[in-house]
Amino acid sequence: AWFNTISANISFSWVVGGAKLIRNNNNNNSSNAKGSNSNVLVIEKCHFRESIGEEGCIETCKIPVEEYFTHRMNAPIKVSPQPREQGLGCKFCYGQCSSKDLEW
C-alpha cells in the first residue's frame, strides 16, 4: 500500500496538484484493534476536481478508481472528496482504512 501511495503522488501530481503522504502503521494484530494500517495521500486542492466539478469528480475519478484498484488490482482503496463548502481537497486511502482516515 505504501508503494501505491508514493507512486500515485509522483504519477498524478501533474493532474491533481500537490499532495502529502500520511503513513499509518498499527502493528496491533488484535481483531478488535481500532487503529488502521493504511497509507493516505492527501490532496490539498485537486486541479482535476476544480476543472470538472463535483459530479464529474465522483463519476470520472472516485468510483472508477475505487473499482479498478479494489477489484482488478486487488489493492483496496477508498477515495474521499472533501465537502465542497470546505474546499477542493481529496483523500486516497490505500489499505485497511478506518473512518478516521477518511474524515475531513
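Refer to the structure above for everything that follows.
Everything numeric here is computed off the predicted structure, so don't read it as measured data.

Rules and cut-offs
- Residues numbered from 1 in each chain as written.
- Predicted model: local features only at pLDDT ≥ 70, side-chain atom pairs only at ≥ 80, totals over all residues.
- Heavy atoms only, no water.
- Core = buried A, V, L, I, M, F, W, Y, C linked by side-chain atoms within 4.5 Å.
- Buried < 20%, exposed > 50% of the residue type's maximum accessible area, 1.4 Å probe, protein only.
- Helix = DSSP H or I, 4+ residues; strand = E, 2+ residues; numbered from the N terminus.
- Contact = heavy atoms within 4.5 Å.
- Salt bridge = Lys/Arg side-chain N within 4 Å of Asp/Glu carboxyl O.
- Phe/Tyr/Trp six-rings, centres within 6.5 Å; stacked < 30°, edge-to-face > 60°.

Within the largest apolar cluster, 14 residues are counted, with the highest numbers of intra-cluster contacts made by I43, V65, I77, V79, F92 and Y94. Of all the secondary-structure elements, those providing two or more residues to this core are α1 (2-16), β2 (37-43), α3 (54-72), β3 (77-81) and β4 (90-96). If we ignore the near neighbours within four places in the chain, the residues touching I77 are V65, E66, F69, T70, F92, C93 and Y94.

Within this structure, the stated rule accounts for 4 salt bridges. The partner of R49 in a salt bridge is E54, with the nearest N and O atoms 2.7 Å apart. With a closest N to O distance of 2.8 Å, E66 and K62 form a salt bridge. On the criterion of helical spacing, the pair formed by E66 and K62 is a turn pair, its members being 4 residues apart in helix α3.

Tallied over the entire structure, the rule returns 2 aromatic pairs. Their ring planes at 90° and their centres at 5.8 Å tell us that Y68 and F69 sit as a pair that is edge-to-face. Given the relative accessible area of 16%, F69 is considered buried. Seen in terms of ring centroids, F69 and Y94 are 6.4 Å apart; in terms of plane orientation they differ by 85°. Their pairing is edge-to-face. On the criterion of sequence distance, the pair formed by F69 in helix α3 and Y94 in strand β4 is long-range, its members being 25 residues apart. Taken individually, F69 and Y94 each receive the classification buried, so the pair is uniform in this respect. By way of ring pairs, the aromatic residues Y68, F69 and Y94 are connected into one cluster.

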